[in-house]
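Listed below, chain by chain, are the residues.
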Amino acid sequence: MHVYHLQDTDITIHRTASIRKLYLELSSECNFNCAMCFRQTFESDFGTMSAATLAQAMAEIETLLELQEVVLGGLGEPFLHPQIAEIIAWLKRRRLTVTITTNGALIEPHIETLIQCGVDTLVFSFETGDIGHANEALTLPYYRDAGLRLRYEFVPEFAPYI
């Protein structure tokens, strides 16, 4: 059992040997400010994971013997974390499946790392138009020029917003 002491509460996590997928939020910051994003309703401060918290998370990951996949991203942009390349390499050295959720705008300096380390899945968020990313045109050329194979998925639930 581990207890994380936060500002207004404690979070208790009981050990289990059956964790196979872990979501690791390296940053709650984002380089976009989309009107439709759920982050607009948050009142807490945003930031990147501290070195001490990252070291603790890595130590915990080492103990998860059944862990198969780590997902980076979700709330913020993982490529804002200054150690993203080292974190990806560390996870892949442990033969874990790595999935990264990103808006893609900051990916260019990291493309070589993504390819060399063998990142398994990149999930790109392309909320565009009046309420989405104003500069989505900056992202697609990076992927194509790098020779990354893209698979587009249409999500029917979002059709009314496209």
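Residues numbered from 1 in each chain as written. Predicted model: local features only at pLDDT ≥ 70, side-chain atom pairs only at ≥ 80, totals over all residues. Heavy atoms only, no water.

## Description of the side chain of T113
Here's step 1: Relative to the assigned elements, T113 resides in helix α3 (residues 111–117).
Here's step 2: What makes T113 buried here is its relative accessible area of 19%.
Here's step 3: The residues contacting T113, other than those within four sequence positions of it, are A85 and G118. (Helix = DSSP H or I, 4+ residues; strand = E, 2+ residues; numbered from the N terminus. Buried < 20%, exposed > 50% of the residue type's maximum accessible area, 1.4 Å probe, protein only. Contact = heavy atoms within 4.5 Å.)

## As for the pattern of salt bridges
Here's step 1: Within this structure, the stated rule accounts for 4 salt bridges.
Here's step 2: Here D120 and K92 are joined by a salt bridge, their closest N and O atoms 2.7 Å apart. A residue pair is termed long-range when its members are at least 10 positions apart, and D120 in the loop between α3 and β6 (121–124) and K92 in helix α2 (residues 84–93) qualify at 28 residues.
Here's step 3: Judged by relative accessible area, which is 18%, K92 ranks as buried. (Salt bridge = Lys/Arg side-chain N within 4 Å of Asp/Glu carboxyl O.)

## Describing the sheet that holds β6
Here's step 1: Strands sit in the order β3-β4-β5-β6 across an open sheet of 4 strands; the sheet is parallel. This sheet does not close on itself; its edge strands, each paired only once, are β3 (21–24) and β6. When strand polarity is set aside, the average angle formed by the axes of neighbouring strands in this sheet is 15°.
Here's step 2: Bridging between strand β4 (residues 69–72) and strand β5 (residues 97–102) involves 4 bridges; their strand directions are parallel. The residue of β5 that forms the bridge with L72 is I100. (Pairing = 2+ DSSP bridges. Axes fitted to C-alpha atoms, helices over the stretch in contact; angles between N-to-C directions.)

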